[in-house]
Amino acid sequence: SDFVANKNYVVYFKSHYLPYAACETNHFRAIGDKETDFLIIGSARPERLRLYETIREIPNVKVCYINNKFRKEYIDALASAKYVINDMAGGGQGLIPMRPFEAIAAGSSLITPKDDGCQMLGLPCFEYSDEQDLVRLCSILSVLPDYANPSLQKDFLSNHSYKARCQVILDTVFPSEY
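All values derive from a computational prediction rather than experimental measurement.

Student: Tell me about helix α2 (residues 46-56), residues and numbers included.
Tutor: Within the sequence span of α2, burial applies to R48, L51, Y52 and I55. Viewed end-on, α2 has its buried residues packed into an arc of 100°, placing them on one side of the element. On its buried side, α2 packs onto β3 (36-41), β4 (63-66), β5 (81-85) and α5 (131-141).

So this is what it looks like as structure tokens:
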């Protein structure tokens, strides 16, 4: 059996859908005090920088933009934010990237484009339809209590860890044995 991480390729490759996951040890951070309200991560594309500048205009909100952070430094940055914005501007279709899994495992809440597949997969998230909707959502979330929840994080890790993905592979390849 073959597996693909992009749901759009299942039929083309006659394969099984197996999305990315999070590492329970490397990505997990206990939920604690958050230094940042909203975090945007990724390459310095003009539309991403414009989005960062737009969200910075929301009163009394700390927004951070980072790129070129890797491993522990990257996960610690995710963990320091109440909300991580999964900005897919210019991105592909059908593939849920690693960032949503890493952000939730690190104890942050996810904001992601509507219909990108995260909610359908059962990932806890807030969705937006366009940049204007995202700014409106950030304005609302900025005045609400922090949404992060340790039991939600634990439940997420039990369903979306690499260990859970290995079980899916075993169940698919050897359906009656595991």
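Student: How would you sum up the packing of aromatic side chains? Please name residues and give values.
Tutor: Summed over all chains, the structure comprises 6 aromatic pairs. Look at Y83 and F126: their rings are 6.0 Å apart centre to centre, the planes differ by 70°, and that puts the pair in the edge-to-face class. Taken together, the residues Y83 in strand β5 and F126 in strand β7 (residues 125-128) connect sequence positions 43 residues apart. Residue classification places Y83 among the buried residues on the basis of a relative accessible area of 2%. By the ring-pair criterion, three or more aromatic residues cluster together here, those being Y9, Y12 and F13.

Student: Describe unusual backbone geometry, and please don't skip the residues or the numbers.
Tutor: Not every positive phi belongs to a glycine, and R71 is a case in point at roughly 50°. Position of R71 relative to the elements: it lies in helix α3 (residues 71-79). The exposure class of R71 is exposed, given its relative accessible area of 75%. Not every positive phi belongs to a glycine, and D115 is a case in point at roughly 65°. Position of D115 among the secondary structure elements: in the loop between β6 (109-113) and β7.

The rules behind each value
Residues numbered from 1 in each chain as written. Predicted model: local features only at pLDDT ≥ 70, side-chain atom pairs only at ≥ 80, totals over all residues. Heavy atoms only, no water. Buried < 20%, exposed > 50% of the residue type's maximum accessible area, 1.4 Å probe, protein only. Helix = DSSP H or I, 4+ residues; strand = E, 2+ residues; numbered from the N terminus. Arc of directions from axis to C-beta. Contact = heavy atoms within 4.5 Å. Phe/Tyr/Trp six-rings, centres within 6.5 Å; stacked < 30°, edge-to-face > 60°.

Read these as layout, nothing more, since geometry by itself doesn't imply function.
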